[in-house]
Amino acid sequence: MSKTRSLISEFFDKYQIDHFDDYIRLGGFKGLKKALEAGPDYVIEALKKSELRGRGGAAYPAYKKWSSSKERQAPTKYVLVNGDEGEPGTFKDRDLLDKDPYKVLEGLIIAGYTIGAQEGYIYIREEYELIRQKLTEAIAHAKHHNYLGQNILGTDFSFQVKVYTGAGAYVCGENTALIESMHGNVGRPRVKRPRVSEKGLFHQPTMVNNVETFACAATILAHGADTYANAGLNGFKGTKMISLCGNISKPGVYEVPFGITLREIIEDIGGGTRDLSLGKFVQSGGASCALIPYTHFDTPYTYEDFDKEGFSIGSGAIVVANGNIRVVDYLSSVTSFFEHESCGKCTPCREGTKRMHEIIEDLCRDQASQKQIDRLNQIAYTMIDSSLCGLGQTAPAATLSALKHFEDEIMESVVL
Amino acid sequence: MGISKERIEDVLAKYDYRADALVPILMDTQSLCVDHFLTEATQKYIAKKLDLTYVDVYEVSSFFAALHKTPKGKYHIQVCDSSVCRINKKDIIQTFLEQHLQIEPGQMTPDGLFSLEKTTCFGACDISPAVRINKKVHGHLTIQKMKKLLGELKEASHV
Amino acid sequence: MVKVKINNTSIEVPKDFTVLDAARHAGYDVPTLCFMKDINEVGACRVCLVEIEGYDKLQASCVTNVREGMSVKTNTKRVRERVRTNVELLLENHNRECTTCVRSRNCELLNLAENLGVTELEFQGQQRPRYFDDYSPSIVRDSSKCILCGKCVSTCKDVQGIGILGFQNRGHMTNVGPAFQAKMNETDCIYCGQCVNVCPVGALSEKRDIHRVWEAIEDPSIQVVVQAAPAVRAALGEEFGNPIGTRTTGKMAAAMRRLGFDTIFDTNFAADLTIMEEGYELLDRIQNNGVLPMITSCSPGWIRYCEFNHHDFLPNLSSCKSPHQMLGALTKSYYAQARDIDPDKIYVVSVMPCISKKNEAARPEMEQDGHRDVDAVITTRELAKMIKQAGIDFNNLPDEGFDDFMGDYTGAGVIFGATGGVMEAALRTVADVLTGQDLQAIDYQAVRGTDAFKEATVKIGDLEVSVAVVNGTKAAGQLLEQIRNKEKTYHFIEVMGCPGGCVNGGGQPKVTQHIRDHINLAEKRAQALYAEDLALPVRKSHENQEVKHLYDTFLGKPNSHKAHHLLHTYYTKRVK
């Protein structure tokens, strides 16, 4: 009995994009047709019922965001697909865009219809160049078949989609930074005043969601909120795309039901660890999230259970560590990542990411002092409490969780 | 300048000379340069044509990792240095590349054929350790595979 | 209005207030480093943090709007700890040689660290690479002192409309500087020094020339002649604790005498002279189909801006040198001859509110017969430093006057330091010359005030003279575009490179951003100049007796051959 599900990923590897009719035969674009027939309020209700949360990592209830965007009175609105997928260990959006681009488009078109937007933009990280080209072709095909462009499927709803490229900056996954780069500026986040939903892309109200969120919306509309919700386990609703990697036999993108445990993901779906160890820990959600020690592998993969423990669903990345890895060595890769990706605008993150990495490096060399550990904590909490954007606010999470769960091991590197 | 004015004009025209398309304009122009590098002269030319200040362009070109700060080899090899590839022993591949090409990350071989760079995760974690060569991803790497790849590229460059 | 609570004090504030505004209104001075009203509201430095009920993270009060019922705490343990950590982080990546730094007295970072009680910095990690640039005659950049607040970047781009500086690289390697790490003198920087005015620390400052002036004063064989621009006397007092707008003309002259300068002239004399030269130049162009509009040329920042960006308007510039250059040229000719001094033994020092004047004095063409017009330019700030170095008790000095020969001036000369002042002075003279009368209504209110752009049509005899006054290069550029597009035509335009005119020049006393955001600095300082104008017996340039003597005995008449040789200049097309 497979522990995975096949709703969001139902059409993976099942069609070629230039065989548009195959896609329709498979059942594609049912969600869009349902939405156009039932109306925007039905879409909002379906999202509410399914308890869909934004899949980029912030996990904000999708129906709330779509609803307030719909209510906003504005002549011009945009929908923006955040395909910057920069969290290390995350590649599920890659597969969504590569293996079922039409579903992502479908979700985008449904969003445009629901909130009353005329244009959609898909921002894809530059590292996914081939996928960007594929998506551009898919858009052309969809337009040719009247699923995009003027008067979609005979309705008075018209919608255009454009594809944009990133240029190698993780921070551009943050909404305001992403939009800045689309304006020809450096990708530095700006203060949220006004908010992106009020004044975003090209200074118009913009609704931003992750690639997977749009794919989920299309899936929910196609299969109905109940069917989608019931795919979850033990009363938890829905499914999640995860990217399983690291010390694992079968790395890849999988669709799992909420409620499954980490152990089941690792053993049953992932085929167990490659080095046959238990796996010392898992980093779930991306580099910006806590480490989950092997003692907690029976935690159910749900927002609620994870939040309680201080863990994150985040982007859906699940990185399994080796059995013999030194925690400080792993942290070095995390802090090095943030030092490289900090945009440099605000003091706590610009300086803090650097200082944290320097201290971790001293720990790796077994040359750290207790005072440095104290400072590590001080800087970490300052970054969490006062950074301008999510990058600085979440960068210390992995280190703090390591200090909590692996304190003894880390202290071995402290020579005072 | 590394690239002719005409080719830059083509890129600018493709984006209707829109200043807000600066990022893709710089990316596209760089990809047309043999050494994957936008010289100061090229950047200043683009600035003038888009009615931007020099520093408007330089801010962008110096901020984004995909816009290179120095000329790169004909085959630019990027080795992922993030957590998953480190777990999956990317050091072995990197050490091999350094020894074989006799260069450190950030450097270029004297014949201008290969350059090496460490990058952050580019989403190939399921096939790690992985490298990108001129943006193309090569995964499930072993030393043998890497050796073969380099050989093929060297062959291709002689044609 | 909304009701908010600041540290348990309930107050009512306008709806558009930020939490920072509200806190300050309630009497709590929340510190800021990067905030600059309307120009740099970026929330980058993270020292203005406050606790707001209902928010789980600390908020930057400068970019958070008040809301009805908000409850704010500015001084909890958590706030103090986070702000202190951020300041410590700034200091760790900062050049802490404060003892030798130009801002050691009034550095905003140092003051903040003091207030927060940062008593030790145990850790020293890697610092960002240092870029030190003192290659230009005017401005010095030291990136090791930069706190990356961005005020200079925003000022150059959004206030002046030029955009030399920017944020380069990313993360820890972020650095503020010109494109491609060029030196300032390799860019089209106009040295207006507006960036220097807003820098909270010592990363940007003027090139120091005090030591050269002391050397000249020390040399007994050199006659050191000093002059001071009108804007200097309107602000010098601030360096000695006087309120903004205090006029200290007499004390300034007294101080300069006690510093050891041999001769104390006044740039205002040359301002009157400039009106003569420029007024007649304008009349000539109007009456003989010359290039119009004519544009003033006493602001070297504006000149450089025109030379780089508006080649087509170079012929419109008046050929007059700026007043202090004229005075320098005359000192080494007219004065030298009259007193039988070898011009090689004369050292002219100009005290200016401006740092672009340092570059202006070094321009190759600013010399005649092998003698530099002006040998050294020091700013108002530098003069104050010299006064402090000499231990002079400025506030208790008697009021003294300037030396005869080229020290007398009219009210028209003194208002040069305000935006609209040159225009008004010119109109007073041109009106009398054209009508042949001694007109009494000489307060041209239409051209006064610190708005970036003013225009007026003045009826002089039969002629309708249309004039415009702009300050700040952004407004200047916009006006030139309108003229280029034939949307507007004028006879005469006054352009000051600095917003608010010379009283807000790059060499004036530093004023913290908090004050700059809440008062009209230029207006307050200019009031001192207009007050002096009103108080003077002679208020028209052509009635300056010393200027008359100069023409009668030396120059002949305005725009004479000799006047052209000494007092006029030419411009250069510059490319970025």
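Residues numbered from 1 in each chain as written. Chains lettered and ligands numbered in written order. Predicted model: local features only at pLDDT ≥ 70, side-chain atom pairs only at ≥ 80, totals over all residues.

Caption draft 1: Structural detail: the overall build of chain B. The number of helices and strands found in chain B is seven helices and four strands. Going from N to C terminus, chain B has its helices and strands arranged as α-α-α-α-β-α-α-β-β-β-α. Once local pairs closer than 6 in sequence are excluded, the contacts in chain B between residues at least 24 apart make up 63%. (Helix = DSSP H or I, 4+ residues; strand = E, 2+ residues; numbered from the N terminus. Contact = placed C-beta atoms within 7 Å.)

Caption draft 2: Fine view of the pairing of strand β9 (residues 317-320) of chain A. Residues and elements named next belong to chain A. Of the two faces of β9, the one lined by Ala317 and Val319 and the one lined by Ile318 and Val320 are each fully buried. As paired strands, strand β5 (residues 239-246) and β9 are joined by four bridges and run parallel to one another. Of the residues in β9, the one forming a bridge with Leu244 is Ile318. Pairing geometry for strand β7 (residues 281-284) and β9, over three bridges, is antiparallel. (Buried ≥ 20, exposed ≤ 12 C-beta atoms within 10 Å, placed from the backbone. Pairing = 2+ DSSP bridges.)

Caption draft 3: Quick look at the interface of chain B and chain A. Contact residues are listed per partner, giving 26 residues for chain B and 38 residues for chain A. A class-by-class count of the residues in the side of chain B that touches chain A yields 17 nonpolar, four polar and five charged. (Nonpolar A, V, L, I, M, F, W, Y, C, P; charged D, E, K, R; others polar.)

Caption draft 4: Geometry of the nonpolar core. Ile110, Ala217 and Ile265 of chain A are the most contacted members of the largest nonpolar core, which totals 344 residues. In this view, Ala217 of chain A contacts Leu47, Leu52, Ala62, Gly107, Ile110 and Ala111 of chain A; residues no more than four positions away in its chain are not counted. (Core = buried A, V, L, I, M, F, W, Y, C linked by C-beta atoms within 7 Å.)

Caption draft 5: Region of the structure containing unusual backbone geometry. The omega torsion across Ser128 of chain B and Pro129 of chain B is 0°, close enough to zero to call that bond cis. With respect to the helices, strands and loops of the structure, Pro129 of chain B is situated in the loop between β2 (114-119) and β3 (131-133). In this structure, the amide linkage connecting Leu292 of chain C to the following residue, Pro293 of chain C, adopts the cis form with an omega of -5°. With respect to the secondary-structure elements, Pro293 of chain C resides in the loop between α9 (267-287) and β13 (294-295).

Caption draft 6: Representation of the packing of helix α4 (residues 62-71) of chain A against helix α6 (residues 101-115) of chain A. Residue and element names in this part refer to chain A. The geometry of α4 relative to α6 is characterised by a closest axis approach of 8 Å and an angle of 45° between their N-to-C directions. If you check the angle between α4 and α6, you find them oblique. In this structure, α4 contributes Trp66, Ser69 and Lys70 to the contact, and α6 contributes Ala111, Thr114 and Ile115. Per-class residue counts for the contact of α4 with α6 are three nonpolar, two polar and one charged. (Axes fitted to C-alpha atoms, helices over the stretch in contact; angles between N-to-C directions. Parallel < 35°, antiparallel > 145°, perpendicular 65-115°, else oblique.)

Caption draft 7: Inspection of the environment of Ala38 of chain A at higher detail. Residue and element names in this part refer to chain A. Along the polypeptide, Ala38 turns up in helix α2 (residues 30-38). A tally of 13 C-beta atoms within 10 Å means that Ala38 is categorised as partly exposed. Residues Ala38 and Thr382, 344 residues apart in the sequence, show an inter-C-alpha distance of 48 Å.

Caption draft 8: Structural detail: the interface of chain B and chain C. With nine residues of chain B at the interface, the matching set in chain C holds 11 residues. Element by element, the count of residues in the side of chain B that touches chain C is highest for helix α4 (residues 54-63) of chain B, at seven residues. For the side of chain B that touches chain C, the class distribution of residues is four nonpolar, two polar and three charged.

Caption draft 9: Up close: the sheet that holds strand β1 (residues 75-80) of chain B. Residue and element names in this part refer to chain B. Reading across from one edge, β2-β1-β3-β4 is the order of the four strands in this open sheet, with mixed pairing throughout. The open sheet has two edge strands with one neighbour each: β2 and β4 (136-138). Each adjacent strand pair in this sheet contributes to an overall mean axis angle of 25°, direction not counted. Two strands pair when backbone bridges link them, and β3 and β4 are joined in this way by three bridges, in the antiparallel orientation. Within β4, the position partnered with Arg132 by the bridge is Val137. Strands in contact with helix α6 (residues 90-101) are β1, β2 and β3; relative to β1, the strand with the most contacts, it is inclined by about 150°.

Caption draft 10: Quick peek at helix α16 (residues 473-484) of chain C. All names here are of chain C. In this model α16 runs 16 Å from its N-terminal to its C-terminal C-alpha over 12 residues, within 8% of the 16 Å that 1.5 Å per residue would give. Turning to α16, its buried residues number three or more, namely Thr473, Ala475, Ala476, Leu479, Leu480 and Ile483. Down the axis, α16 shows its buried residues gathered within 155° of arc, on one side only. Along its buried surface, α16 packs onto α10 (300-309), β18 (453-460), β19 (463-471) and β20 (492-496). Once α16 finishes, Lys486 follows within two positions and takes phi at roughly 60°, a positive value. (Expected span 1.5 Å × (residues − 1). Arc of directions from axis to C-beta.)

Caption draft 11: The arrangement of the environment of Ser299 of chain C in detail. Residues and elements named next belong to chain C. Tracing the backbone through its elements, the reader meets Ser299 in the loop between β13 and α10. For Ser299, a count of 30 C-beta atoms within 10 Å gives the class buried. Along the primary structure Ser299 and Ala526 are separated by 227 residues, whereas in three dimensions their C-alpha atoms are 17 Å apart. Apart from the residues within four sequence positions on either side, Ser299 is in contact with Val495, Met496 and Gly497.

Caption draft 12: Layout of the sheet that holds β20 of chain C. Reading across the sheet, the four strands line up as β13-β20-β19-β18 (chain C) and stay open at both edges, with mixed pairing between neighbours. What marks the edges here is a single partner per strand, and that holds for β13 and β18 of chain C.

Caption draft 13: Up close: the packing of α9 of chain C against helix α19 (residues 545-555) of chain C. Residue and element names in this part refer to chain C. Close contact between α9 and α19 brings their axes to 9 Å; oriented N to C, the two are set at 55°. When the axes of α9 and α19 are compared, the pair comes out oblique. Crossing geometry of α9 relative to α19 is assigned as right-handed. For the pair α9 and α19, the contacting residues are Phe269, Asp272, Leu273 and Met276 in the first and Glu546, Val547 and Leu550 in the second. The residue makeup of the contact of α9 with α19, split by class, is five nonpolar, no polar and two charged. (Left-handed = near helix turned anticlockwise from the far one by under 90°.)

Caption draft 14: Looking closely at α4 of chain A. Of the residues making up α4 of chain A, those classed as buried are Ala62, Tyr63, Lys65, Trp66, Ser67 and Ser69 of chain A. Against the buried residues of α4 of chain A lie α3 (40-50), α6, β4 (206-210) and α9 (211-223) of chain A.

Caption draft 15: Focus on the pairing of strand β11 (residues 223-228) of chain C. Residue and element names in this part refer to chain C. Across the six residues that make up β11, a large majority, six, are buried. Burial along β11 is two-sided: the residues Gln223, Val225 and Gln227 and Val224, Val226 and Ala228 are all buried. Bridge analysis of β11 against strand β14 (residues 346-352) gives six bridges, and the strand direction is parallel. Its bridge partner lying in β14, Ala228 is registered against Val351. Two strands pair when backbone bridges link them, and β11 and strand β12 (residues 263-264) are joined in this way by two bridges, in the parallel orientation. Its bridge partner being in β12, Val225 is matched across the sheet by Thr263.

Caption draft 16: Expanded view of the domain arrangement of chain A. Residues and elements named next belong to chain A. Domain annotation of chain A identifies domain 1 (20-228), domain 2 (233-320) and domain 3 (327-411). Once you take the C-alpha centre of each, domain 2 and domain 3 turn out to be 23 Å apart. Across the contact, eight residues belong to domain 2 and 10 residues belong to domain 3. Of the residues contributing to the side of domain 2 that touches domain 3, the split by class is five nonpolar, three polar and no charged. (Domains from an automatic or database assignment.)

Caption draft 17: Region of the structure containing the confidence of the model for chain B. Across chain B, the average pLDDT comes to 95, with 99% of residues at or above 70. The complex model carries a pTM of 0.95, and its ipTM stands at 0.95. (pLDDT = per-residue confidence, 0-100.)

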